[in-house]
Amino acid sequence: MTTTTPGPSALRGAVGTARTRIEGREKVTGAARYAGEIPFADLAHGWLVLSTVTRGRILDVETDPVLAMPGVLTVLHHGNAPRLHTDYVGMLGTPPDPTCAVFQNDRVPFAGWPVALVVAETPEEAREAAEALVVTYDSEPHDTALHAEHPGAYAAAGHMPAETEKGDLEAQLAASAFVVDAEYTTPEEQHSMMEPHAATARWEGGRLEVVDSNQGAGWVQGELATMFSLDASSVRVRSEHIGGGFGSKGLRAHQVSAVMAATALNRPVRVVLTRRQTFSLGGYRSPTTQRVRLGAAPDGRLLALEHRSLNQTSTVYEFVEPSAGVARVLYDADAHRTANHVVRLDVPSPTWMRAPGEAPGSFAIEAALDELAERGGIDPIELRLRNEPDVGPVSGLPFAGNNLAACFREGARRFGWADRDPRPGVRREGRWLLGTGTAAASFGAGAAPSTALVTAEADGSFTVRITAADIGTGARTALTLIAADALETAPEQVRVRIGDSDFGPAMIAGGSMGTRSWAWAVTAAAAELRERLAMATSIPPEGITVRSDTTEALGALARKERHSFGAQFAEVAVDTATGEIRVRRMLGVFAAGRIVNPLTARNQLVGGMTWGISMALHEEAVRDRNTGGHYAPDLAGYHVATHADTPAIEVDWVDDHDPDDPVGIKGVGEIGIVGAAAAVANAVWHATGVRHRDLPIRPDRVLSATVPEPAGGAADA
């Protein structure tokens, strides 16, 4: 059904007001149950067995001793597991990662590859048996080291062109008054969400039901149906509460293995990944090596810009971390070249992670811009504003709003940027050197086709059903406010039900497109429902329901560059005697469309900026080149920012909306992390005079750096 949508003027009242989360009381009291907590009768428990070699073949799986252990029901492996259909393109436009298609052959492509599932009556029995299972391998040499000159690197497109180029780069670099040519690196990062991956599968009345923790119930439903050669209508996926995802909670090995076991045993089976297992099976952000070359005229106008990025992927699946993509939006130059390359290594497959591409890419390009500003003697904010493009630097398309300049001006005023001494290493407070830094941020503002069901109930209330996912963003609450305004009623009269594939296809919670896509579908259904109600003399007991589908409306949109923007500011204190870095304050000002719920939007932006601190100073998953496995793959060995590392973070936004969107939404989920690490790194340079091009900026890296004598002498803060 094609429906029209109301413009922003038709929406009134609830949108834009600060509302606590609808499900907040349930969560803080423990009434909200997550995927690993929901009880089922006759529930069995599966425990995955992961490979202990990095590359090779499975020679033997000694199942008999394990099957004799107490409580053990079955052991699935490549010798007895059902064959899966994997020759297809999934919802995201890519084939499934073979890591999800478990137990299909005897190959081991990386350390931590799933080789078996032990199913028992209790989790304890399953774990004990899994740890006792003996698997024999034929081990082969492996390569897990990413470096800039790796001979296996090649250009890879992913979800954007692999390479873009215009102008004569070398000629423009030669003509430039000042040039930056530097390499920047970021390490492997883990999602480390509070709730690990969990799924329960069961057959009920000839229909497969999966209760899961995911970022799109319809996404997982479609993948499982195709993989197991089932009709989509015979598969139902539910995911009511999710304890974080950050891009990792799509289709994974635990869901597929749970379905296999439930089918084999004809009883419900639950598989929950341990924290350590998520390091190899949950996806991660690939390390990157990025080279940036910039050349500018004496006034700072960019003549040349080159941003080349290299990331690793597994030998069984190609995933691109498109770090060079951010330069295709933020800055133009007479000669402009970007490239995303990958190299296949014997490592697990990377995956989407908050602001994929933009987070590591913004560190490199924004640090390079800071270096260029230093060499040209130009204020870092002024340099960025002088190079703000009028149209998309690569696409040539007009912007559907670009308020980056407004973010910088407002942020500079509130942060006190005008009082900043541009000289590095001159501010001191006792043993601390103080510095401030800034960076720009950009993230795409897209929307994907979605459907929604809105029902006018006989009692005068309304029910909204949509296959949305609330991964901690407050989506339920936002959709309630949007629906209330679209229906011209109070939020208390609206019930929003989400996380059920039976509600129809809808966008996943990802790419900062969730709320925007779902809101479009909800407002479309509400508009038609109001028309139906205006003609109805009464509402029948079953209510009046309207279904929307935004496919046609989105297909008719004019092509434009659609993005959220932001300006990040940070102040740090550095003790060069101990290597300690403390972020003292941060400010982010964003142009992120119409803000539906200021309370949860601020929460998302502060969370992203906190992650930026963590990215800049702490996070680093280290892989042992000899074994191919991680050192300390848990939250004791993988450091993240904690309360002690996080200062008072201030966020705000400027008026901004996409006029083509029915609510004016752009998206806030990922823009908060973009540029945050660069702002911290640029502040460390301003404090010490030493440029750190490798993240994280650990104490040992600070200690090994040579700090120059303060220019003009030390000064108190």
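Just so you know, these numbers come straight off a predicted model, no measurement behind them.

S.K.: Explain the overall build of the protein to me, please; I cannot follow it from the model alone.
M.R.: Counting secondary structure elements, the protein contains 17 helices and 26 strands. Expected size for 717 residues packed as a compact globule is a radius of gyration near 27 Å; at 26 Å, the protein falls within 12% of this value. Projected onto its principal axes, the C-alpha coordinates of the protein cover approximately 80 × 75 × 50 Å. For the protein, buried positions account for 60% of its 717 residues.

S.K.: I'm lost on the side chain of histidine 686 in this one. Help?
M.R.: Inspection of the secondary structure puts histidine 686 in helix α16 (residues 676-688). Its relative accessible area of 1% is what places histidine 686 among the buried residues. Within the local environment of histidine 686, its side chain forms a polar contact with the backbone oxygen of aspartate 421, the two atoms lying 2.6 Å apart. Within polar-contact distance, the side chain of histidine 686 engages the backbone oxygen of arginine 423 at 3.4 Å. Other than its neighbours up to four places away in sequence, histidine 686 contacts Arg420, Asp421, Pro422, Arg423, Pro424, Gly425, Leu434, Gly435 and Thr436.

S.K.: What am I meant to see in helix α6 (residues 253-265) here?
M.R.: Owing to its 3.6 residues per turn, the α-helix brings residues three or four apart onto one side. Between its terminal C-alpha atoms α6 stretches 18 Å, which fits the 18 Å expected from 13 residues at 1.5 Å a residue. Listing the buried residues of α6 in full gives Ala253, His254, Gln255, Val256, Ser257, Ala258, Val259, Met260, Ala261 and Ala262. Asparagine 266 occupies a position one or two residues after α6 and carries a positive phi of about 55 degrees.

S.K.: Would you mind showing me how to read the pattern of salt bridges here?
M.R.: Side-chain pairing between opposite charges can occur once the charged atoms of the two side chains come close. Summed over the entire model, instances satisfying the criterion amount to 55 salt bridges. Here arginine 236 ties to glutamate 209 by a salt bridge, and the two come within 3.9 Å at their closest N and O atoms. One end of the pair, arginine 236, is in strand β12 (residues 235-238); the other, glutamate 209, is in strand β11 (residues 207-212), with 27 residues separating them in the sequence. Overall, the relative accessible area of 23% leaves arginine 236 in the partly exposed class. In the salt-bridge network here, residues are joined through shared partners; they are Arg202, Glu204, Arg207, Glu209, Arg236, Arg238, Asp500 and Asp502.

S.K.: Is there a simple way to explain the pairing of strand β5 (residues 114-120) in this structure?
M.R.: Consecutive side chains of a regular strand alternate in pointing toward one face of the sheet and then the other. The element β5 is extensively covered by neighbouring structure, given that 7 of its 7 residues are classed as buried. Note: strand β3 (residues 72-77) against β5, 5 bridges, orientation antiparallel. Looking at β5, one finds that threonine 74 is bridged to valine 119.

S.K.: Help me out: how do you make sense of the packing of aromatic side chains in this one?
M.R.: Ring pairs (aromatic) are described by centroid distance and by the angle formed between their planes. Considering all chains together, one arrives at 9 aromatic pairs under this definition. An angle of 80 degrees between the planes, with centres 5.4 Å apart, marks the rings of phenylalanine 110 and tryptophan 113 as edge-to-face. Taking the relative accessible area as the measure of exposure, phenylalanine 110 reaches 0% and is therefore buried. Ring centres of tyrosine 184 and phenylalanine 363 lie 6.0 Å apart, and the angle between their planes is 90 degrees; this geometry places the pair in the edge-to-face category. Highlighted residues: tyrosine 184 in strand β9 (residues 178-186) and phenylalanine 363 in helix α9 (residues 358-376), separated in sequence by 179 residues. By the ring-pair criterion, three or more aromatic residues cluster together here, those being Phe408, Phe415, Trp417 and Phe569.

S.K.: Just to check I follow, could you spell out the sheet that holds β11 for this structure?
M.R.: The mixed open sheet is built from 7 strands, whose spatial order is β3-β5-β1-β13-β10-β11-β12. One side of each edge strand has no neighbouring strand; the edge strands of this open sheet are β3 and β12. Neighbour-to-neighbour, the strand axes of this sheet turn through a mean angle of 20 degrees, independent of strand direction. Against the sheet, helix α5 (residues 217-227) touches β11 and β12, its axis set at about 145 degrees to β12. Contacts between α6 and the sheet are confined to β1 (44-50), β3, β5, β10 (198-204), β11 and β13 (269-272), with β10 contributing the most and set at about 30 degrees to the helix.

S.K.: How do you make sense of the packing of helix α12 (residues 475-487) against helix α13 (residues 514-535) when you look at a structure like this?
M.R.: If you want to describe how two helices pack, look at the angle between their axes and the distance between the axes. Following both chains from N to C, one finds α12 and α13 inclined at 30 degrees, their axes separated by 9 Å at the closest point. What the angle tells us is that α12 and α13 run roughly parallel. Considering only the axes of α12 and α13, their crossing is right-handed. Here Ala475, Ala478, Leu479, Ile482, Ala483, Ala486 and Leu487 of α12 lie close against α13, whose contacting residues are Thr515, Trp518, Ala519, Val522, Thr523, Ala526, Leu529 and Arg530. Along the lines of polarity and charge, the residues of the contact of α12 with α13 split into 12 nonpolar, 2 polar and 1 charged.

S.K.: Please explain the pairing of strand β24 (residues 580-591) as it appears in this structure.
M.R.: Two elements, strand β23 (residues 563-575) and β24, share 11 bridges in a ladder whose sense is antiparallel. Bridging across to β24, glutamate 571 finds its partner in arginine 585. Once β23 ends, the chain turns through 4 residues before running back antiparallel as β24, passing glycine 579 with a positive phi of about 85 degrees. In this fold, the crossover linking β24 to strand β25 (residues 648-653) by way of helix α15 (residues 598-617) has right-handed handedness.

S.K.: Help me out: how do you make sense of the confidence of the model for the protein in this one?
M.R.: Fine structural detail should not be taken from predicted coordinates in areas where pLDDT scores are low. Within the protein, residue pLDDT values average 95, and 97% of them lie at 70 or more. A low-confidence stretch, residues 710-717 (pLDDT under 50), is modelled with 16 contacts involving residues beyond four sequence positions or located in other chains.

S.K.: So what exactly am I meant to see when it comes to the sheet that holds strand β22 (residues 544-549) here?
M.R.: What holds strands together in a sheet is hydrogen bonding between their backbones, with the strands either parallel or antiparallel. With mixed pairing, the 4 strands of this open sheet are ordered in space as β21-β20-β19-β22. Looking at which strands have only one partner, the edges of the open sheet turn out to be β21 (494-497) and β22. Averaged over all adjacent pairs, the angle separating strand axes in this sheet is 15 degrees, with direction ignored. Looking at chain direction, strand β19 (residues 451-456) and β22 are connected through 6 bridges and run antiparallel. Across the sheet, the residue bridging to alanine 452 is serine 548, located in β22. Against the sheet, α12 contacts β19, β20 (462-465) and β21, and its axis sits at roughly 135 degrees relative to β21.

S.K.: Sorry if this is basic, but what is going on with the environment of threonine 122 here?
M.R.: Looking at where threonine 122 falls in the secondary structure, it is placed in the loop between β5 and α3 (123-132). For the pair threonine 122 and alanine 558, spaced 436 residues apart in sequence, the C-alpha to C-alpha distance is 56 Å.

S.K.: Even after reading the chapter, I still don't get the nonpolar core, so can you show me in this structure?
M.R.: Judged by nonpolar contacts, the single largest core of 85 residues is most densely connected at Tyr184, Leu294, Ile365, Phe569, Val572 and Met586. Apart from residues no more than four positions distant in its own chain, methionine 586 is found in contact with Gln568, Phe569, Ala570, Met609, Ile613, Ala648, Ile649, Glu650, Ala676 and Val680. With 42 residues, the next largest nonpolar core counts Ala456, Ala468, Leu479 and Ile498 among its residues.

S.K.: Help me out: how do you make sense of unusual backbone geometry in this one?
M.R.: A negative phi angle characterises most non-glycine residues, just as the trans form characterises most peptide bonds. A cis amide bond links leucine 695 with the next residue in sequence, proline 696, at an omega value of -5 degrees. Topologically, proline 696 is positioned in the loop between α16 and α17 (699-704). Positive phi values are uncommon outside glycine, yet serine 192 reaches one of about 50 degrees. Looking at the secondary structure, you find serine 192 in the loop between β9 and β10. Here phenylalanine 246, not a glycine, exhibits a phi torsion of approximately 60 degrees, which is positive. Judged by relative accessible area, which is 29%, phenylalanine 246 ranks as partly exposed.

What counts and how
Residues numbered from 1 in each chain as written. Predicted model: local features only at pLDDT ≥ 70, side-chain atom pairs only at ≥ 80, totals over all residues. Heavy atoms only, no water. Helix = DSSP H or I, 4+ residues; strand = E, 2+ residues; numbered from the N terminus. Rg over C-alpha atoms; globule rule 2.2 N^0.38 Å. Buried < 20%, exposed > 50% of the residue type's maximum accessible area, 1.4 Å probe, protein only. Polar contact = N/O pair within 3.5 Å; in protein donor to acceptor, adjacent residues only side chain to side chain. Contact = heavy atoms within 4.5 Å. Expected span 1.5 Å × (residues − 1). Salt bridge = Lys/Arg side-chain N within 4 Å of Asp/Glu carboxyl O. Pairing = 2+ DSSP bridges. Phe/Tyr/Trp six-rings, centres within 6.5 Å; stacked < 30°, edge-to-face > 60°. Axes fitted to C-alpha atoms, helices over the stretch in contact; angles between N-to-C directions. Parallel < 35°, antiparallel > 145°, perpendicular 65-115°, else oblique. Left-handed = near helix turned anticlockwise from the far one by under 90°. Nonpolar A, V, L, I, M, F, W, Y, C, P; charged D, E, K, R; others polar. Right-handed = clockwise from strand over helix to strand, strands pointing away. pLDDT = per-residue confidence, 0-100. Core = buried A, V, L, I, M, F, W, Y, C linked by side-chain atoms within 4.5 Å.

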